[in-house]
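Single-letter residue listing:
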Amino acid sequence: GSGCFACSLSLDSMKRRILTGLPLALVVVYLIVQGREWLFVLAVVATVTISLHEYFHISREAGLGGWPWLGYVAAGLLCLGQVANLHGIALSEPALLLLMVLAIPVAGLMAVSDLKNYSSALASTMLGVMYVGFAFSWIIPLRFADPATGWRLTILLFVVVWGEDIFAYAVGRLAGRIPLAKTISPRKTVEGAAAGLAGALLLAWGFSHWFWQTGDQKTVILIGGVVAVAGQAGDLVESALKRAANLKDSGAILPGHGGLLYRSDSLLFAAPTLWLVWHLKDFWH
């Protein structure tokens, strides 16, 4: 009956997710482990640009508009600003961010045709640059600021975020009953979120136990938990943006995954959070 049909649909979507996700995971692990900074940064800039493209699609559908090219340039520069910081070049990330805050409203004056749309387009563009470009750019110093721990931290980021996503998806589908945030994302459940967090903590423990013996285990597990919660928050923010625009998916670049922004929404919050808590760990150690 219809139950079996729904079941086969669910299995099909799961299969599509896995077939797309596995090769993608292998590429990500390779990019993190290999030591060429330019290749990693290139991948980050490409991810930011495609995610921003999908973000501006959401923004247009929500009736806000925006200036995509200004967004791409600003976000790309913020990523390159992180590289400049790593190499001690004078233009620091805060200075670059300040420049964006001043330059985008002025450049927008030339991009806007109807001043009635100026405020919403400006707000949308600034949000895109901050939410996608600035937030995700922190994965660059996370990976390269400290050669000894950088690649381990970045692998931990993906292990926690992907693990949380897989556990939440599987348990939410099988046993999810209580809605987590009904108006934002009807399919997300409290059971799924709890399982996601538990799975992330378990994987953080496993990672620190087997792959990062030098890292303080309690610290790594605690950081894993904080990063998993940040990832869930990122997921809900992207869902809210789509809901505001009445869209199901942000894009179709990844079959079964609903676009690159959808796939990286957790990372947009988790990557800067991991950078922050790692650098603040001495305060609560």
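Up top is the structure.
The structure presented is a predicted model; accordingly, all values stated were derived computationally and were not measured. (Residues numbered from 1 in each chain as written. Predicted model: local features only at pLDDT ≥ 70, side-chain atom pairs only at ≥ 80, totals over all residues. Heavy atoms only, no water.)

> Hey, could you go over empty space enclosed by the protein for me, with residue numbers and the actual values?
If you walk through the whole model with that rule in mind, you get one cavity of 30 Å³ or more. By volume, the largest cavity is sized at about 40 Å³. Contributing to the lining of the largest cavity are Asp 165, Asp 235, Tyr 262, Arg 263, Asp 265 and Ser 266. Element by element, the count of residues in the lining of the largest cavity is highest for helix H10 (residues 260–284), at four residues. Of the residues in the lining of the largest cavity, the class split is one nonpolar, one polar and four charged. (1 Å grid on protein atoms, 1.4 Å probe; cavity = no way out; pocket = protein on both sides within 12 Å on 5 of 7 lines; lining within 4 Å. Points joined across faces, edges and corners; volume = space filled by probe spheres on them. Helix = DSSP H or I, 4+ residues; strand = E, 2+ residues; numbered from the N terminus. Nonpolar A, V, L, I, M, F, W, Y, C, P; charged D, E, K, R; others polar.)

> Give me the lowdown on the packing of aromatic side chains, citing residues and values where you can.
Enumeration according to the criterion identifies 12 aromatic pairs in this entry. Relative to Trp 138, the ring of Phe 134 lies with its centre 5.8 Å away and its plane at 85°, an arrangement referred to as edge-to-face. The same class applies to Phe 134 as to Trp 138, namely buried. Aromatic side chains Phe 158 and Trp 162 sit 5.1 Å apart centroid to centroid with 65° between the ring planes, which places their arrangement in the edge-to-face category. Taken together, the positions of Phe 158 and Trp 162, both in helix H7 (residues 150–175) and four residues apart, correspond to about one turn of that helix. (Phe/Tyr/Trp six-rings, centres within 6.5 Å; stacked < 30°, edge-to-face > 60°. Buried < 20%, exposed > 50% of the residue type's maximum accessible area, 1.4 Å probe, protein only.)

> Summarise the packing of helix H8 (residues 190–210) against helix H9 (residues 217–244); cite the residues concerned and give the values.
As a packed pair, H8 and H9 sit with axes 8 Å apart at the nearest point and diverge in direction by 145°. For H8 against H9, the interelement crossing comes out right-handed. Note on element contacts: H9 touches H8 through Gln 217, Val 220, Ile 221, Gly 224, Gly 225, Ala 228, Val 229 and Gln 232, opposite Ala 193, Gly 196, Leu 197, Ala 200, Leu 201, Ala 204, Trp 205, Ser 208 and His 209. Here the residues of the contact of H8 with H9 are counted per class, giving 10 nonpolar, seven polar and no charged. (Axes fitted to C-alpha atoms, helices over the stretch in contact; angles between N-to-C directions. Left-handed = near helix turned anticlockwise from the far one by under 90°. Contact = heavy atoms within 4.5 Å.)

> Any details on H9? Residues and values, ideally.
The end-to-end C-alpha distance of H9 is 41 Å, a good match for the 40 Å that 28 residues give at a rise of 1.5 Å each. Looking one or two residues past H9, Asn 246 carries a phi angle of roughly 60°, positive in sign. (Expected span 1.5 Å × (residues − 1).)

> Residue-level account of the environment of Gly 63, with values.
The topology assignment puts Gly 63 in the loop between helix H2 (37–61) and helix H3 (68–86). The exposure class assigned to Gly 63 is exposed, which follows from its relative accessible area of 61%. With 181 residues separating them along the chain, Gly 63 and Ala 244 place their C-alpha atoms 9.6 Å apart.

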